[in-house]
Every structure is written in C-alpha cells, then in structure tokens.
Amino acid sequence: MGYKHAPYSYSKFNLFERCPFAWKLHYIEKIPEVKTPALIIGDLVHRSIAEYMTHLKKTGCQTDLEKLSELTRKYGRLSGQYSDEYEAYIPAMRELTLPPVEKTAIEVDVAADADWRGCDFWAEDAFLRGKVDFMYQPSEETVVIVDWKTNRYIPPEAIERDKQTKLYALLGSLLVPDAAEFVVELFYLRYSYPRRATMTRGDLEDTREWVLETVDKIESEQEWPPTPGAHCDWCSYVSRCPAVKRAVEEVEDLVLPPAIETDRQAKKLTELYKMLGVVRDRVGQLLKTWIEAHGGVEIAGEKLDLYPVESIQWSTPEQKGKLVTVLRQGGIAREAIWDVFSTNKTAVTSFCLLYTSPSPRDLSTSRMPSSA
C-alpha cells in the first residue's frame, strides 16, 4: 500500500492531533514554521549536548567540564538575544556524563518501512522516521533511550502512556532487534529532572496500532479543519487561520448572553475567548517591536507604551531549592511547582502570596531567590 504523506514521524502525528489545518499548511503547502525563541534555544541546546557527548565518546572521558564550558560559550554567543534563556540549561548540562558502557550512540537516525523492517533513513520506502538523541546498552537485553527535553515535563502518571515515549521504545526495537527491554528516559534539562518508563516487546504492539490508526486518519483527511486550543499560542499559522478570522468577524456582531446556559454556549465562547487572546498577543508582539524602535503610540489622547516584563530565572539548584522550600511550606504539591520555574517575577510573587503565609515583603526580598 502506498502512503501519499509518508514518511511519518512523531512530529507529524503530534501536529495532526493538535490541528489538521496547521498540518496541511506545513506538510502539504510546505509553508515553513516561524522560528520561535523556544525552537531556537531547543536546537542550540541539543547541538551543545550532541557535540559534548561526541567529545566524551571520542576521548573516553565520562565528563569534561572544561570542554563543556568552551562549548556553552560558543553556543551562548550563537543564541544572541536569547543568551539568558540558553544559560538556564547549562547547570543541567554540567550534570551529564557518558555512561561507562561500551555501546553508546549519539544523534541516531532510524527508519522503518511499512512492514516494520528497519531501512535506510532516506530510503524511498521509509514509512516511519525518528531521531534518537542518545542511546546506550547497559546489557545485551536492555536498551536505554534518552531524549533531551527543553520543554515542560510530563506528569509522572502520564509518562508510560505518553505516545512519544512509546514511539521511542519502538524505534529502539528497530535499532536493537535482539533487545527485550526498552528504557525510555525523558530528561527535562530546565529542571535536571529525569523521568523513566520501561517497556518490553509486548508493549510495542499498541504503539504500532496507534501509528497505523493515526496514519489512516491523515491519509483519509479531506477537510483539514482548524482546532483552536492552547497550542494556538505558539502556532506559526495564526495569521492564516480561518478560526481566527471567524472569531474577529463574530466580534463585530457579538451580543453576549446575560449568562451561559448551555454547554454549547460555553464551548463557543471558550473558542472565541481563546482566538481573541491569540489575536491580542500577536498584535501586541507587532506593537512592541514598533514601540521599541519608535516610541509609544498615541491614540485618543493616550499613549500606549509596552514595557518589557521583568523576568526571573531559576538557573541554579540553590535558587530552585529556595523557591521549592517556600512553596512546599505553603502546602503546594511538588508536582505543581514546576510550572513556576518559567514565568515572571510578579506572577511568582502573586503565586506565593496566594498560597503561603509570609508577608509580601518577605516573599519579594529575603525569601525569594535572586534573579539570574
């Protein structure tokens, strides 16, 4: 059977499940995504680690902090205006070591044909493709697959159900056909926080079924509808999205009900609320660029002047420990704390004031970590 949109990958599956319309623009119309700061930093961090681990493998060293400092200076310069964000990942990179085993591999390209047989990554009949950040074999029966994550973490209860995790195990089975156990480690670099899931060959069949079901949906899709949601905040195709245009048009004749009476009303207004927020954010980005270059914009006798948000980074274990202590003393579950580590100072202070008893003065000065 021929697949018109093959080869497939996790990124293809993930984008389709988020928004078929964005999938169509990206993979059929070939409109490139805008490089967001998160994507830029993620790429530089991965390149830093790949070069560092390659150096360790060549030299036989388990760690070499002098070489790492050299690399982070180089990639820090490449990060330009986002250097502060890049530097937030350096403490975690300093913790990385090369496992003391013979079989290791870095930045491995892997592919399979439609019969689930391994094939060349660039082969014409490649059905599924993937890239493994790092892999090693502590024994002949076990393969450990490591993925360096620069985004937020997956909750502990979700990792073994996570589709990307399962797909990594499937890729590992292609790379090492004789292995019986696959350990997938998602290492969240921002927090030096690893999550592990262990799977056997018996667990891989569900993943194959999910792949085939998703491929069937993509291959048979005709409408490519937009599906508004949280992902709209970082979507590259907002300016082309019919859901956004429809939301703007609806505002012109919008008559709000005195109260929401039905689930349908709630869903409709939620979608409108989300789309208008996306429009406001994008317009704000354009205005911020203009104002930085030309000054505030005056309308109706008032001047609009967008000031940069004062941000704070928790870039060292000591800083993170102080913040965690404050929040844990306020009764916050440890799993709920991680979302605070990428935010602004005002939001963190407000969060602490809401859940803890110390005074605002204590929280904003002596009790709070210093900004990085």
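Keep in mind that what you see is a predicted model, and the values were worked out from it rather than measured. Each chain carries its own residue numbering, running from 1 in the direction its sequence is written. Only residues with pLDDT of at least 70 get local features here, since the model is predicted, and only at 80 or more are side-chain atom pairs given and counted; chain-wide, interface and lining totals rely on the full set of residues. Values shown for side chains rest on all heavy atoms present in the structure; no hydrogens or waters enter the calculation.

Caption draft 1: Looking closely at the confidence of the model for the chain. Residue-level confidence of the predictor is summarised by pLDDT, bounded by 0 at the bottom and 100 at the top. Summarising the model, the chain shows a mean pLDDT of 82, and 81% of its residues fall at 70 or more. Note on residues 355-372: pLDDT is under 50 here. Beyond four places in sequence and across chains, it has 37 contacts. Two residues form a contact once any of their heavy atoms are found within 4.5 Å.

Caption draft 2: Here's a closer look at the state of the cysteines. Whenever a pair of cysteine sulfur atoms sits within 2.5 Å, that pair is classed as a disulfide. Counted under the stated rule, the structure contains zero disulfides. Free cysteine Cys-19: the closest other cysteine sulfur is in Cys-241, separated by 6.1 Å. Only protein chains enter the area calculation, which uses a 1.4 Å probe; residues under 20% of their type maximum are buried, those over 50% are exposed, and those in between are partly exposed. Residue Cys-19 is classed as buried on the basis of its relative accessible area of 9%.

Caption draft 3: Layout of the environment of Leu-256. Here a strand is any run of E in DSSP of at least two residues, a helix any run of H or I of at least four, and the numbering for each starts at the N terminus. Looking at the element boundaries, Leu-256 is found in the loop between helix 9 (242-252) and helix 10 (263-294). For the pair formed by Leu-256 and Leu-269, sequence separation is 13 residues and the distance between their alpha carbons is 9.1 Å.

Caption draft 4: Spotlight on the packing of aromatic side chains. Each aromatic pair joins two rings of Phe, Tyr and Trp (for Trp, the six-membered one) with centres within 6.5 Å, and gets the label stacked for planes under 30 degrees apart, edge-to-face for over 60, and tilted for any other angle. In total, this model carries 13 aromatic pairs according to the counting rule given. Ring centres of Phe-16 and Trp-224 lie 6.2 Å apart, and the angle between their planes is 85 degrees; this geometry places the pair in the edge-to-face category. Placement of the pair is Phe-16 in helix 1 (residues 10-18) and Trp-224 in the loop between helix 8 (204-220) and helix 9, with a sequence separation of 208 residues. Here Phe-16 falls in the buried class, since its relative accessible area comes to 8%. For Trp-224, a relative accessible area of 9% translates into the label buried.

Caption draft 5: Inspection of a negative patch on the surface at higher detail. A surface patch of like charges, here negative, comprises Asp-203, Asp-206, Glu-209, Glu-213 and Asp-216. Among the structural elements, Asp-206 can be located in helix 8. For Asp-206, a relative accessible area of 52% translates into the label exposed. Exposure above 30% relative accessible area and the lack of any salt bridge qualify a residue for a patch; like charges then connect within 9 Å, and the nonpolar side chains Val, Leu, Ile, Met, Phe, Trp and Tyr within 5 Å. Areas reported as accessible are Shrake-Rupley estimates using a 1.4 Å probe. Residue values count occlusion only from the protein chains shown. Salt bridges are identified by distance alone: a Lys or Arg side-chain nitrogen within 4 Å of an Asp or Glu carboxyl oxygen. A positive count includes Lys and Arg, and a negative count includes Asp and Glu. His and the chain ends are not counted in either. Taken as the charge location is NZ of Lys, CZ of Arg, CG of Asp or CD of Glu.

Caption draft 6: Representation of the side chain of Thr-142. On the secondary structure map, Thr-142 appears in strand 4 (residues 142-149). Within the structure, the side chain of Thr-142 is placed 3.0 Å from the side chain of Glu-181, a separation counted as a polar contact. If we skip the residues at most four places from it in the chain, Thr-142 touches Tyr-136, Gln-137, Glu-181 and Val-183. Nitrogen and oxygen atoms within 3.5 Å of one another constitute a polar contact, given that in protein one can donate a hydrogen and the other can accept it, and given that sequence-neighbouring residues count only through two side-chain atoms.

Caption draft 7: Examining helix 1 more closely. Buried within helix 1 we find Lys-12, Phe-13, Leu-15 and Phe-16. Tucked inside the fold, the buried residues of helix 1 contact helix 2 (20-28), strand 3 (128-136) and helix 8.

Caption draft 8: Local environment of the nonpolar core. Residues belong to a common nonpolar core when they are buried Ala, Val, Leu, Ile, Met, Phe, Trp, Tyr or Cys residues joined through side-chain atoms within 4.5 Å. Among the nonpolar cores identified, the biggest contains 54 residues, and Phe-13 and Trp-23 are the most heavily contacted of them. Broken down by element, the residue count for this core peaks at six residues, all from helix 7 (residues 163-175). Not counting the four nearest positions on each side in its chain, Trp-23 is found in contact with His-5, Tyr-8, Lys-12, Leu-15, Phe-16, Ile-28, Ile-218 and Trp-224. Within the second largest apolar cluster, 27 residues are counted, among which are Leu-56, Leu-68, Leu-96 and Leu-98.

Caption draft 9: Representation of the packing of helix 1 against helix 8 in the model. Orientation is described by axes fitted as lines to C-alpha atoms, over the contacting stretch for helices, and by angles from 0 to 180 degrees between their N-to-C directions. Helix 8 packs onto helix 1 with a crossing angle of 60 degrees between their chain directions and a minimal axis gap of 11 Å. With respect to each other, helix 1 and helix 8 are oriented oblique. Relative to helix 8, the crossing made by helix 1 is left-handed. Touching Tyr-10, Phe-13, Phe-16 and Glu-17 of helix 1 are Trp-210, Val-211, Thr-214, Val-215, Lys-217 and Ile-218, all from helix 8. Three categories are distinguished: nonpolar for Ala, Val, Leu, Ile, Met, Phe, Trp, Tyr, Cys and Pro, charged for Asp, Glu, Lys and Arg, and polar for the others, with Gly belonging to the last. For the contact of helix 1 with helix 8, the residue count by class is seven nonpolar, one polar and two charged. Angles are sorted into four bins: roughly parallel if under 35 degrees, roughly antiparallel if over 145, roughly perpendicular if 65 to 115, and oblique for all others. Take the far helix as your reference; a near helix turned counterclockwise from it by less than a right angle gives a left-handed crossing, and one turned clockwise gives a right-handed crossing.

Caption draft 10: View of the sheet that holds strand 6 (residues 193-200). With mixed pairing, six strands are arranged side by side in an open sheet as 2-1-3-4-5-6. The open sheet has two free edges, formed respectively by strand 2 (118-119) and strand 6, since each of these has just one partner strand. Alignment of strand 3 against strand 4, held across three bridges, turns out to be antiparallel. Residue pairing in the sheet places Phe-134 in a bridge with Val-146 of strand 4. Paired strands, as defined in this entry, are two strands with at least two bridges between them according to DSSP.

Caption draft 11: Representation of the pairing of strand 1 (residues 104-112) in the model. Among the nine residues in strand 1, seven count as buried, and that is most of the element. Across eight bridges, the pairing between strand 1 and strand 3 is antiparallel. Bridge pairing in strand 3 places Ala-111 opposite Arg-129. Pairing of strand 1 with strand 2, which is carried by two bridges, proceeds in the antiparallel orientation.

Caption draft 12: Examining unusual backbone geometry more closely. Look at the link from Ala-6 to Pro-7: it is a cis peptide, with omega at 5 degrees. Its location among the elements puts Pro-7 in the segment before helix 1. Its identity is not glycine, yet Trp-116 carries a phi of approximately 65 degrees, on the positive side. Relative to the helices and strands, Trp-116 resides in the loop between strand 1 and strand 2. Phi is positive for Trp-224, which is not a glycine, with a value near 50 degrees.

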